[in-house]
Amino acid sequence: MSTPAFPASRAAVESTGAVFDLRPTTGSTNADLLDAAPTLPDGSVVVTLDQTAGRGRLDRTWTAPAGQTLAASLLVRAPLDDRDRGWLPLVAGAAMRDAVRAALEPVPDDVPDQVPDDVPDQAPDDVPDAADTSRASRATVKWPNDVLVDGRKICGILCQVAADGSVVVGAGVNLTIPEADLPTPTSTSLAASGATGDAGTLADAVLSAFWTGVREAVVALAGGGAAAEAVRSHVRAGCGTIGARVRLELPDGSVVEADATGIDDEGRITIRDQDGSSRGVAVGDVTHLRYA
């Protein structure tokens, strides 16, 4: 298996003085970057298409067929307060959702993209393109940061704190796994979802967009004010958990069924219990049951 060059991703990362570490194979890009983090600049990346010992949230195994999945880890070292650091996993999910969305096949040419006649007093730039809207509706985030396409998981994200206090944001994306070879009935890949291109081309497009999206969001969070609020609003807008009936498996082993109603300012998913009371949940494994 040849190793792709990642020209767009490499150019973006190295233009900032960060390190782009492309590996033919490795056990875990997160483990590699955690080890090297104290010696590397902000924005550095470790990436491979052959990860042999990847882990996901709750220490789950991430199945990654060689040459058909992207494993990439990004180093974030930024002056974020505790609240904004808590938003990093959600920001990463939103950035990957945008990257996956961009990689999906456009809708057919006969879908109109002009401004509808019944939208008064609105500039064309303010009206979403029909193809853009279709792609957006397919790609969503299941809180906190699983990326889904048509309700099936295409990407998992794991954030870990390095010894120097920086954060390693790791992502695993199913690229070209055929439908018949997907690891679970609830998973999918870019190819199975209609994207075209070989694994290397798709990986470079997704990684460069993901890296840029995370970096821009982190800068906005660090700056505070309206820019930071725009980032949080973008995360909420792409979260498919909001408005869904969910099952939450909590760290103490209890299981709750509730309606997910939003994401609060701490990044917690807010739920409405059966008795009508509302609360925020910071950690839990979410399953979408139905839309409320």
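Refer to the preceding data block for the structure.
Residues numbered from 1 in each chain as written. Predicted model: local features only at pLDDT ≥ 70, side-chain atom pairs only at ≥ 80, totals over all residues. Heavy atoms only, no water.

S.K.: Please explain the overall build of the chain as it appears in this structure.
M.R.: Each helix and strand in the chain was counted, giving six helices and twelve strands. Taking all 292 residues of the chain together, 48% fall into the buried category. Across the chain, every contact between residues at least 6 apart in sequence was considered, and the portion connecting residues at least 24 apart equals 64%. Put simply, the chain shows about 13300 Å² of open surface, and 52% of that area lies on carbon and sulfur atoms. (Helix = DSSP H or I, 4+ residues; strand = E, 2+ residues; numbered from the N terminus. Buried < 20%, exposed > 50% of the residue type's maximum accessible area, 1.4 Å probe, protein only. Contact = heavy atoms within 4.5 Å. Areas by Shrake-Rupley, 256 points an atom, 1.4 Å probe, with all protein chains shown as cover.)

S.K.: How should the packing of aromatic side chains be read in this particular structure?
M.R.: Aromatic rings in a pair are described by how distant their centres are and how their planes are angled relative to each other. In this structure the tally under the stated criterion is one aromatic pair. Measuring from ring centre to ring centre gives 6.0 Å for F6 and F20, while their planes differ by 50 degrees; the resulting arrangement is tilted. Of the two residues, F6 is situated in the segment before α1 (7-14) and F20 in strand β1 (residues 20-22); the sequence distance between them amounts to 14 residues. According to the relative accessible area criterion, F20 is buried, its value standing at 6%. Here the guanidinium or amino end of R232 rests over the ring plane of W87, the centre of that ring lying 5.8 Å away. (Phe/Tyr/Trp six-rings, centres within 6.5 Å; stacked < 30°, edge-to-face > 60°. Lys NZ or Arg CZ within 6 Å of the ring centre and 35° of its normal.)

S.K.: Honestly, the nonpolar core in this entry has me stumped. Any pointers?
M.R.: The nonpolar side chains of a soluble globular protein tend to be buried with one another. If you look at the biggest cluster of nonpolar residues, it comprises 66 residues, and the most contacted ones within it are L70, M96, L175, L190, L207 and F210. Among the elements that line this core, the one with the most residues is helix α5 (residues 199-223), at twelve residues. Beyond its immediate stretch of four places on either side in the chain, L190 contacts V100, A103, L104, I154, N174, L175, A195, L202 and V206. A37, V46, L75 and V168 belong to the second largest nonpolar core, which has eight residues in total. (Core = buried A, V, L, I, M, F, W, Y, C linked by side-chain atoms within 4.5 Å.)

S.K.: How should the packing of α5 against helix α6 (residues 225-237) be read in this particular structure?
M.R.: Between two packed helices, what matters for the description is the angle formed by their axes and the separation of those axes. One can describe the packing of α5 onto α6 by two numbers: an axis separation of 6 Å at closest approach and a directional angle of 130 degrees. The pairing of α5 with α6 is recorded here as oblique in orientation. Seen along the crossing, α5 lies across α6 with a hand that is left-handed. Each of A217, A220, L221 and G223 in α5 lies in contact with α6, whose residues at this interface are G225, A227, A228, V231 and R232. Its residues assigned to classes, the contact of α5 with α6 shows six nonpolar, two polar and one charged. (Axes fitted to C-alpha atoms, helices over the stretch in contact; angles between N-to-C directions. Parallel < 35°, antiparallel > 145°, perpendicular 65-115°, else oblique. Left-handed = near helix turned anticlockwise from the far one by under 90°. Nonpolar A, V, L, I, M, F, W, Y, C, P; charged D, E, K, R; others polar.)

S.K.: What is the right way to read the sheet that holds strand β7 (residues 167-174) from this model?
M.R.: Hydrogen bonds between backbone atoms are what pair the strands of a sheet, whose relative direction is either parallel or antiparallel. What the seven strands build is an open sheet, ordered β1-β2-β3-β7-β6-β5-β4; its pairing is mixed. In this open sheet, the two edge strands, each paired with only one partner strand, are β1 and β4 (139-142). With strand direction ignored, the average angle separating the axes of adjacent strands in the sheet is 20 degrees. Sheet analysis places strand β3 (residues 69-76) next to β7, joined by eight bridges and oriented antiparallel. Bridge assignment links L74 to a residue of β7, and that residue is V169. Along the sheet face, helix α3 (residues 82-103) touches β3, β4, β5 (146-149), β6 (152-161) and β7 and points at about 145 degrees away from the line of β6. α5 contacts β1, β2 (45-48), β3, β6 and β7 of the sheet and is inclined by roughly 25 degrees relative to β3. (Pairing = 2+ DSSP bridges.)

S.K.: Just to check I follow, could you spell out the packing of α1 against α5 for this structure?
M.R.: Between α1 and α5, whose axes approach to 7 Å, the crossing angle comes to 25 degrees. Judged by the inter-axis angle, α1 sits roughly parallel to α5. Residues P7, A8, S9, A12 and V13 of α1 form the contact with α5, whose participating residues are D204, L207, S208 and W211. By residue class, the composition of the contact of α1 with α5 is six nonpolar, two polar and one charged.

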